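# Observations on the model geometry
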Amino acid sequence: MKKTILGLLLSVCLTANAQVKNAGCFLRMIEPIKSDTLAYSNDSVQISFTFNNMNYFVEVEVKNKTNDMIAVDWDKFLIVNGTTSKPIIFDDTVIALKDVSKGKSQIAPKTKIYKSIMAKDNIEYPTTLYSKKYVKMRPCQIGFIVPIEYANGCKDYKCIIEAYIPKK
């Protein structure tokens, strides 16, 4: 009986910790897969997202699972909000240099990189990626186009995160 109760309690705790909550909303990936961990993984890469508590920047982690060099092309990386595609800037971008090329980040085999990003339009007048006030009315979707260059070409990974508040 004690083992059953302990197992049930442990499984409830693990399930509760799997969901990501930020800025009063729950977050989940809905594309390319459904995931409460905000991560997508295949044989080549793992892409994950972490939202900061102020909800302006998103930390993107790209892990190279191959035995070859790959690269992220930051100039082609987009944040998609509704019907608008926006180029990105990094957390350390200076306003005067916001239009300068961000280049590519090479990722060695079996390693990963992290970058904190936000939409370029937000550098002068920061706007949150989603607001609890509006998410209460309907879920909000934030999309990311992550361009990864391989030795034999480029693949764009489309990842969509949904902010929502569960109905009671």
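As a starting point, this report considers the structure included with it.

Definitions and cut-offs
- Residues numbered from 1 in each chain as written.
- Predicted model: local features only at pLDDT ≥ 70, side-chain atom pairs only at ≥ 80, totals over all residues.
- Heavy atoms only, no water.
- Phe/Tyr/Trp six-rings, centres within 6.5 Å; stacked < 30°, edge-to-face > 60°.
- Helix = DSSP H or I, 4+ residues; strand = E, 2+ residues; numbered from the N terminus.
- Buried < 20%, exposed > 50% of the residue type's maximum accessible area, 1.4 Å probe, protein only.
- Lys NZ or Arg CZ within 6 Å of the ring centre and 35° of its normal.
- Salt bridge = Lys/Arg side-chain N within 4 Å of Asp/Glu carboxyl O.
- Patch = residues over 30% accessible without salt bridge, like charges linked within 9 Å, V, L, I, M, F, W, Y side chains within 5 Å.
- Areas by Shrake-Rupley, 256 points an atom, 1.4 Å probe, with all protein chains shown as cover.
- Lys, Arg positive; Asp, Glu negative; His and termini not counted.
- Charge placed at Lys NZ, Arg CZ, Asp CG, Glu CD.
- Polar contact = N/O pair within 3.5 Å; in protein donor to acceptor, adjacent residues only side chain to side chain.
- Contact = heavy atoms within 4.5 Å.

### What about the packing of aromatic side chains?
- Summed over all chains, the structure comprises 6 aromatic pairs.
- For the ring pair Phe 49 and Phe 144, a centre distance of 4.6 Å and an interplane angle of 25° mean the geometry is stacked. With Phe 49 in strand β4 (residues 45-51) and Phe 144 in strand β11 (residues 140-150), this pair connects stretches of sequence that are 95 residues apart. No difference in accessibility class separates Phe 49 from Phe 144, as the two residues are buried.
- Geometrically, the ring pair formed by Trp 74 and Phe 90 is edge-to-face, given 5.4 Å between the ring centres and 80° between the ring planes. Of this pair, Trp 74 sits in the loop between β6 (70-73) and β7 (78-81) while Phe 90 is found in strand β8 (residues 84-90), placing the two residues 16 residues apart along the sequence.
- For Trp 74, a relative accessible area of 1% translates into the label buried.
- Positioned over the ring face of Tyr 164 is Arg 28, at 3.7 Å from the centre of the ring.
- Lying over the aromatic face of Tyr 157, Lys 155 brings its terminal NZ or CZ to 5.0 Å of the ring centre.

### With respect to the pattern of salt bridges
- Following the criterion strictly, the structure yields 7 salt bridges and no others.
- For Asp 99, the salt bridge goes to Lys 120, with nearest N and O atoms at 2.8 Å. Here Asp 99, found in the loop between β8 and β9 (104-107), pairs with Lys 120, found in the loop between β10 (112-119) and α2 (132-135); they are 21 residues apart in sequence, far enough to count as distant.

### A closer look at a positive patch on the surface
- Together, Lys 21, Lys 132, Lys 136 and Lys 168 line one region of the surface with positive charge.
- Note on placement: Lys 136 falls in the loop between α2 and β11.
- A residue is classified by how much of its surface remains accessible, and Lys 136, at 53% relative accessible area, is exposed.

### Details of unusual backbone geometry
- Note the cis peptide between Glu 31 and Pro 32, where omega equals 10°.
- Tracing the chain through its elements places Pro 32 in the loop between β2 (25-31) and β3 (39-41).
- At Ala 23, a position not held by glycine, the phi torsion is positive, near 50°.
- Examined against the element boundaries, Ala 23 turns out to sit in the loop between β1 (20-22) and β2.
- Take Ala 23: its relative accessible area is 37%, and that puts it in the partly exposed class.
- Positive phi, normally seen in glycine, also occurs at Lys 110, with a value near 60°.
- By secondary structure assignment, the location of Lys 110 is in the loop between β9 and β10.

### Things to note about the side chain of Glu 149
- Mapped onto the fold, Glu 149 is located in strand β11.
- A polar contact of 3.1 Å, which involves the side chain of Glu 149, links it to the side chain of Lys 104.
- Filtering out sequence-adjacent residues up to four positions away, Glu 149 remains in contact with Ile 70, Ala 71, Asp 73, Lys 104 and Cys 154.

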